[in-house]
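# Coordinate analysis (summary)
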Amino acid sequence: EYKGLLAGGRCHINRRLIEYGVNRADYAEYLLNEFERTRNTELYGIATAYADTFVDLSIHRSDEDPDSWGAVRQRYRENLPDRVRSMRGPRFLFAMFDHTGNTAYRDTALEIGQYLLRSFPDRFARQGGACRELAELFARTEEDRYRIKATEILDAVRSSQIPDGPWYEYFE
């Protein structure tokens, strides 16, 4: 069941089907966490294969659109940057770097981090999810720009809260 992560399959977090070709590093991170908990080497192999494919196919790298460099693509065959998908990835890739020493994982996490710095804050409430990745980037690099950006995002989300307490998914 796990083997279809990059090309669809079943999400073992919420038990729903994953649409075909969606880049979701959080699913692979879940498998890596399950490997660490259970020591099931099959899960580790699948997470590693996913990480390799993710690094090779899922990151937007185009000199024609430098503002999107480092963004996670919506789907691995499309060259469209996706902010929500980009809010996941660095933690998983840093964990894979810790396991393997493969610097491509670390370097890709840093590429995604550069995109997050350029792309946020924005006008949607879910952007708070980027703070988790920015916190990891700050912890790994000790570069204040990641901490500052996370604070900017949290301020934007806080200021967009409506008086009753919830948020609109998108706001002006």
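A few points on the structure.

Analysis parameters
Residues numbered from 1 in each chain as written. Predicted model: local features only at pLDDT ≥ 70, side-chain atom pairs only at ≥ 80, totals over all residues. Heavy atoms only, no water. Helix = DSSP H or I, 4+ residues; strand = E, 2+ residues; numbered from the N terminus. Buried < 20%, exposed > 50% of the residue type's maximum accessible area, 1.4 Å probe, protein only. Contact = heavy atoms within 4.5 Å. Areas by Shrake-Rupley, 256 points an atom, 1.4 Å probe, with all protein chains shown as cover. Salt bridge = Lys/Arg side-chain N within 4 Å of Asp/Glu carboxyl O. Expected span 1.5 Å × (residues − 1). Arc of directions from axis to C-beta. Phe/Tyr/Trp six-rings, centres within 6.5 Å; stacked < 30°, edge-to-face > 60°. Axes fitted to C-alpha atoms, helices over the stretch in contact; angles between N-to-C directions. Parallel < 35°, antiparallel > 145°, perpendicular 65-115°, else oblique. Left-handed = near helix turned anticlockwise from the far one by under 90°. Nonpolar A, V, L, I, M, F, W, Y, C, P; charged D, E, K, R; others polar.

The subject of this paragraph is the overall build of the protein. The helix and strand inventory of the protein stands at 7 helices and 2 strands. Reading the protein from its N end, one meets helices and strands in the order β-β-α-α-α-α-α-α-α. Across the 172 residues that make up the protein, the buried fraction comes to 43%. Relative to all contacts within the protein whose residues are 6 or more apart in sequence, the contacts with residues 24 or more apart total 56%. Only carbon and sulfur atoms are counted for the fraction: they give 48% of the accessible area of the protein, which is about 9,100 Å².

Attention now moves to the side chain of D82. Tracing the backbone shows D82 in the loop between α2 (41-57) and α3 (83-86). Exposure remark for D82: the relative accessible area of 12% places this residue in the buried category.

Attention now moves to the pattern of salt bridges. Scanning the entire structure with this criterion turns up 14 salt bridges. Here E133 makes a salt bridge to R132, at a shortest N to O gap of 2.8 Å. Its relative accessible area of 30% is what places R132 among the partly exposed residues. A salt bridge links R158 to D155, with the nearest nitrogen and oxygen atoms 3.1 Å apart. Of this pair, R158 and D155 both sit in helix α7 (residues 144-159), 3 residues apart, roughly one helical turn. Several salt bridges converge on common partners, so that one network encompasses E29, R88, R91, D98, R132, E133, E136 and R140.

Another aspect to go through is α7. For α7, which comprises 16 residues, the first-to-last C-alpha distance of 23 Å matches the rise-based estimate of 22 Å (1.5 Å per residue) to within 8%. Those residues of α7 lying buried are Y146, K149, A150, I153, A156 and V157. Axial view of α7: buried residues confined to an arc of 125°, hence all on one face. Exposed side chains of α7 directed beyond 90 degrees from the buried face belong to R158 and S159.

Per the counting criterion, the structure on display carries 3 aromatic pairs. One aromatic cluster is present, formed by Y50, F54 and F92 through successive ring pairs.

The next subject is the packing of helix α4 (residues 90-100) against helix α5 (residues 103-119). Relative orientation of the contacting elements α4 and α5 amounts to 160°, with a least axis distance of 8 Å. With respect to each other, α4 and α5 are oriented roughly antiparallel. For the pair α4 and α5, the sense of crossing is left-handed. Taking contact as the criterion, the partners of P90, L93, F94, M96, F97 and T100 in α4 are, on α5, T103, Y105, R106, T108, A109, L110 and I112. Here the residues of the contact of α4 with α5 sort into 9 nonpolar, 3 polar and 1 charged.

Before going further, it helps to spend a moment on unusual backbone geometry. The omega torsion across F120 and P121 is 0°, close enough to zero to call that bond cis. Structurally, P121 is set in the loop between α5 and α6 (130-141). Phi at R39 is positive, roughly 65°, even though this residue is not glycine. Here R39 shows up in the loop between α1 (25-38) and α2. Take R39: its relative accessible area is 53%, and that puts it in the exposed class. Positive phi is not limited to glycine here, since E142 has a value of about 60°. Secondary-structure assignment places E142 in the loop between α6 and α7. Assessed through its relative accessible area of 67%, E142 is described here as exposed.

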